[in-house]
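Structural overview
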Amino acid sequence: MKKILVTGGTGYIGSHTVVELQQQGFEVLIVDNLSNSNIEVLDNIEKISGVRPYFENFDLAAEAATADFFARHSDIDGIIHFAAYKAVGESMTKPLAYYRNNVQSLINIMEAMRVHNIQNLVFSSSCTVYGQPDELPVKETAPIKKAWSPYGNTKQMCEEIIEFTTAATNLKTIALRYFNPIGAHESALIGELPLGVPNNLIPFITQTAIGKRECLSVFGSDYSTPDGTAVRDYLHVVDLAKAHVVAVNRLINGKNKKNMEIFNLGTGNGFSVLEVIEAFERINNIKLNYKIVPRRAGDVEKVWADTSFANEELGWKAEIGLDEMMRTSWNWEKKLAGKA
Ligand code: UD1
């Protein structure tokens, strides 16, 4: 049985990935400091997959604790590294916390990989590295634009750290650039747990629908898009989780073509904010209270993925459509509120 370390494994994407890994017969170890997640996620992972993953609670940005963990678990076959801060707005006011947490933890992990000869790393990156791309759909070869936030900058820096470290060692690495992950597990046992007022569109929609928020603000209707609202490539978190299993298998089985590979993960379809709202209302039979307000600073106008490299080379394709994303997001919100 191959042993995979999932950092940030109690988080939103991490927890869905742990479920998929365990369902495909991997042994999973989770390290998470629970800074943006909940220990009960382990119970729910166990309910879905029938297996309780091994768990340790510490901060991977702490060098000694990380070295100590790897000294005890040097037989790991691969690492999927999710653990990071991810709120764009918060990163503007706490840049050093973002650099310390996101960059230092990667350095500590890669140092341990070198020391213990652990070869395979899958890294959680973001389409934010492209900024507003010049050409759509965005290919992996599109230029990296200057980051608009410390969060985005940490993703760029981490990719560069991985690139140079991979070149200097025998490591094999894959960076996965996610577009907009949304939705929740079909069981409604795991999903996104935003702290406080959500920044992202889908948790704000579901919290408005359940009555926790009064009204959804649609940020800008004067973009150069068909209905004037911004366009994104939304993908279901379970599809995304499956891509991580494919990626780590690819490295373990030596199927990678280069020592560092980069793949876009999206559906290849762009939807506007109003289209997302329409799908949510229709599939769940709910009227959403929303209003158009001015643009949000820092938002790009439109971005969606060219998925051909991920489809053909990685052998992964997103299968779940927007309606399912909206249905599972709503089921999860209702479950959280105790209504389902
Ligand atoms: C952002 C980041 C991305 C990060 C993701 C998750 C950028 C360019 N992108 O994505 O890297 O991984 O957050 O944290 O920084 N919207 C509303 N009303 C709302 C909330 C959002 O209209 O209340 C609109 C936004 O203007 C945007 C779309 O919905 O057009 C999606 O927004 P959001 O879910 O926040 O994701 P991104 O900003 O695309």
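Note that the structure is predicted; figures quoted are calculated from it, not measured. (Residues numbered from 1 in each chain as written. Predicted model: local features only at pLDDT ≥ 70, side-chain atom pairs only at ≥ 80, totals over all residues. Heavy atoms only, no water.)

1. Comments concerning the site of the ligand
As a matter of local geometry, the ligand sits amid 20 residues, with Leu 201, Ser 217, Arg 232, Arg 296 and Asp 299 nearest to it. The separation between an oxygen atom of the ligand and a polar side-chain atom of Arg 232 is 2.5 Å. Within the side chain of Asp 299, a nitrogen or oxygen atom sits 2.5 Å from an oxygen atom of the ligand. Isolated, the ligand exposes 740 Å² of accessible area, and the fraction of that covered by the protein chains is 89%. If one sorts the elements of the shell around the ligand by residue count, strand β8 (residues 216-219) sits on top with 4 residues. Here the shell around the ligand is composed, by residue class, of 10 nonpolar, 6 polar and 4 charged. Of the residues that make up the shell around the ligand, three or more belong to each of domain 1 (3-183 + 234-265) and domain 2 (201-231 + 269-304 + 320-335). (Near = heavy atom within 4 Å. Polar contact = N/O pair within 3.5 Å; in protein donor to acceptor, adjacent residues only side chain to side chain. Areas by Shrake-Rupley, 256 points an atom, 1.4 Å probe, with all protein chains shown as cover. Helix = DSSP H or I, 4+ residues; strand = E, 2+ residues; numbered from the N terminus. Nonpolar A, V, L, I, M, F, W, Y, C, P; charged D, E, K, R; others polar. Domains from an automatic or database assignment.)

2. Here we look at the environment of Leu 121
By secondary structure assignment, the location of Leu 121 is in strand β5 (residues 120-126). Given the relative accessible area of 0%, Leu 121 is considered buried. For Leu 121 and Asn 101, which are 20 residues apart along the polypeptide, the C-alpha to C-alpha distance reads 18 Å. With residues up to four places along the chain from it excluded, the contact list for Leu 121 reads Ile 79, His 81, Leu 106, Met 110, Met 113, Ile 162, Lys 172, Thr 173, Ile 174 and Leu 251. (Buried < 20%, exposed > 50% of the residue type's maximum accessible area, 1.4 Å probe, protein only. Contact = heavy atoms within 4.5 Å.)

3. Considerations on the pairing of strand β4 (residues 78-81)
Burial along β4 is two-sided: Gly 78 and Ile 80 facing one way and Ile 79 and His 81 facing the other are all buried. As paired strands, strand β1 (residues 3-7) and β4 are joined by 4 bridges and run parallel to one another. Residue Ile 4 lies in a different strand from β4, and its bridge partner there is Gly 78. The pairing of β4 with β5 spans 4 bridges and is parallel. Across the sheet, His 81 pairs through a bridge with Phe 123, a residue of β5. (Pairing = 2+ DSSP bridges.)

4. Description of the packing of aromatic side chains
For the structure shown, the criterion picks out 6 aromatic pairs. Grouped by ring-pair contacts, the aromatic residues Phe 58, Phe 69 and Phe 70 constitute a single cluster. Over the face of the ring belonging to Tyr 223 we find Arg 295, whose NZ or CZ atom lies 4.0 Å from the ring centre. (Phe/Tyr/Trp six-rings, centres within 6.5 Å; stacked < 30°, edge-to-face > 60°. Lys NZ or Arg CZ within 6 Å of the ring centre and 35° of its normal.)

5. Side note on the pattern of salt bridges
Under the criterion given, the structure shown has 22 salt bridges. The partner of Glu 56 in a salt bridge is Arg 72, and the shortest N-O contact between them spans 2.9 Å. Separated by 16 residues along the polypeptide, Glu 56 in strand β3 (residues 54-56) and Arg 72 in helix α3 (residues 63-72) bring together distant segments of the chain. For Arg 72, a relative accessible area of 44% puts it in the partly exposed group. Two residues, Glu 278 and Arg 282, come together in a salt bridge whose shortest N-O distance is 2.9 Å. (Salt bridge = Lys/Arg side-chain N within 4 Å of Asp/Glu carboxyl O.)

6. Here we look at the environment of Met 1
Mapping Met 1 onto the fold places it in the segment before β1. Among the residues examined, Met 1 registers a relative accessible area of 76% and is labelled exposed. Taking the C-alpha atoms as reference, Met 1 lies 43 Å from Ile 277; in sequence the two are 276 residues apart. If we skip the residues at most four places from it in the chain, Met 1 touches Gly 25, Phe 26, Glu 27 and Asp 77.

7. Topic: the domain arrangement of the protein chain
In terms of domains, the protein chain is made up of domain 1 (3-183 + 234-265) and domain 2 (201-231 + 269-304 + 320-335). One C-alpha centre belongs to domain 1, the other to domain 2, and the line joining them spans 27 Å. On the domain 2 side, the residues contacting the 15 residues of domain 1 number 18 residues. Taking both sides of the interface into account, the surface hidden between domain 1 and domain 2 amounts to around 1,400 Å²; carbon and sulfur atoms contribute 70%. Among the residues domain 1 hides against domain 2, the three largest losses belong to Leu 136, Tyr 234 and His 236. Together they make up 41% of the total. Where domain 1 packs against domain 2, one counts 0 salt bridges. Linking domain 1 to domain 2 there are 6 residue pairs in polar contact (both at pLDDT 80 or more). Secondary-structure elements contributing two or more residues to the side of domain 1 that touches domain 2 are β10 (234-236) and α8 (237-252). It is β10 that contributes the most residues to the side of domain 1 that touches domain 2, 3 residues altogether. Split by residue class, the side of domain 1 that touches domain 2 holds 10 nonpolar, 4 polar and 1 charged. (Buried area = accessible area lost by both parts, 1.4 Å probe.)

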